[in-house]
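Commentary on secondary and tertiary structure
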Amino acid sequence: MKIICIGRNYLEHARELNSPVPSEPVFFLKPDSAIVRNNAPFFLPDFSNEVHYEVELVFRIGKLGKSIGERFAMGYIDAVALGIDFTARDLQQHCKEKGLPWEKSKAFDGSAPISRFLPFPSENHPDEAGLCFHLDLNGKTVQKACGADMLFPPAKLIAHVSRFMTLKTGDLLFTGTPAGVGPVSIGDHLEAWLGEKKMLDFWVR
Ligand code: ZN
């Protein structure tokens, strides 16, 4: 399986990083070795001095598809979760300045903690608009958004990405992070909620 991540999908986050607002989705990949499950701790890597949290809505692909039409795209999702797109911001900044790929800063081992999955779409959530989520760092809310705030909704993301690469059952789509990103340190406690449901609860080691 592969992890597809979207960059700059919330206006305020693009602004806080002084990134241009994209006219089409920006995406990059993480390998399966990035995944951390079951609230296992996140180990700070030794190659960065500034690792940022980015909480994101994650959709799981439920069937194989290529060049998927936007109006059929929601039928390719079978579950939703929350994930953290950990980013070595110092390395990413260096890559951006040099015009290099982002993989070193985004795709390292352990960089994608993922929660349990909930069925989606569902009766309560026929689409992404009402999926509201927030991240608490050491008990204080640092990021907060709803699916309705995305620049490109998941149907558009799936249509766009699947023009370039086949989506397979079990692939994960990280849909970008809202404003409020910041650094983590050893001993930090991260908790993420989807609506009233606590989805992630883990420590930085
Ligand atoms: Zn991200």
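Note: the structure precedes this text.
Throughout what follows, the structure given in this document is the object of discussion. (Residues numbered from 1 in each chain as written. Predicted model: local features only at pLDDT ≥ 70, side-chain atom pairs only at ≥ 80, totals over all residues. Heavy atoms only, no water.)

1. Quick word on the overall build of the protein chain
For the protein chain, the helix and strand inventory stands at four helices and 15 strands. In summary, the protein chain has a C-alpha radius of gyration of 16 Å against a globular reference of 17 Å for 205 residues, a match within 12%. Projected onto its principal axes, the C-alpha positions of the protein chain cover 45 × 40 × 30 Å. Across the 205 residues in the protein chain, those meeting the buried criterion constitute 52%. Long-range pairs, those at least 24 residues apart, make up 77% of the contacts in the protein chain with a sequence separation of at least 6. Total accessible area computed for the protein chain in this model is approximately 9400 Å², and 52% of it derives from carbon and sulfur atoms. Placing the 23 positive and 25 negative side-chain charges of the protein chain at their respective mean positions leaves the two points 4 Å apart. (Helix = DSSP H or I, 4+ residues; strand = E, 2+ residues; numbered from the N terminus. Rg over C-alpha atoms; globule rule 2.2 N^0.38 Å. Buried < 20%, exposed > 50% of the residue type's maximum accessible area, 1.4 Å probe, protein only. Contact = heavy atoms within 4.5 Å. Areas by Shrake-Rupley, 256 points an atom, 1.4 Å probe, with all protein chains shown as cover. Lys, Arg positive; Asp, Glu negative; His and termini not counted. Charge placed at Lys NZ, Arg CZ, Asp CG, Glu CD.)

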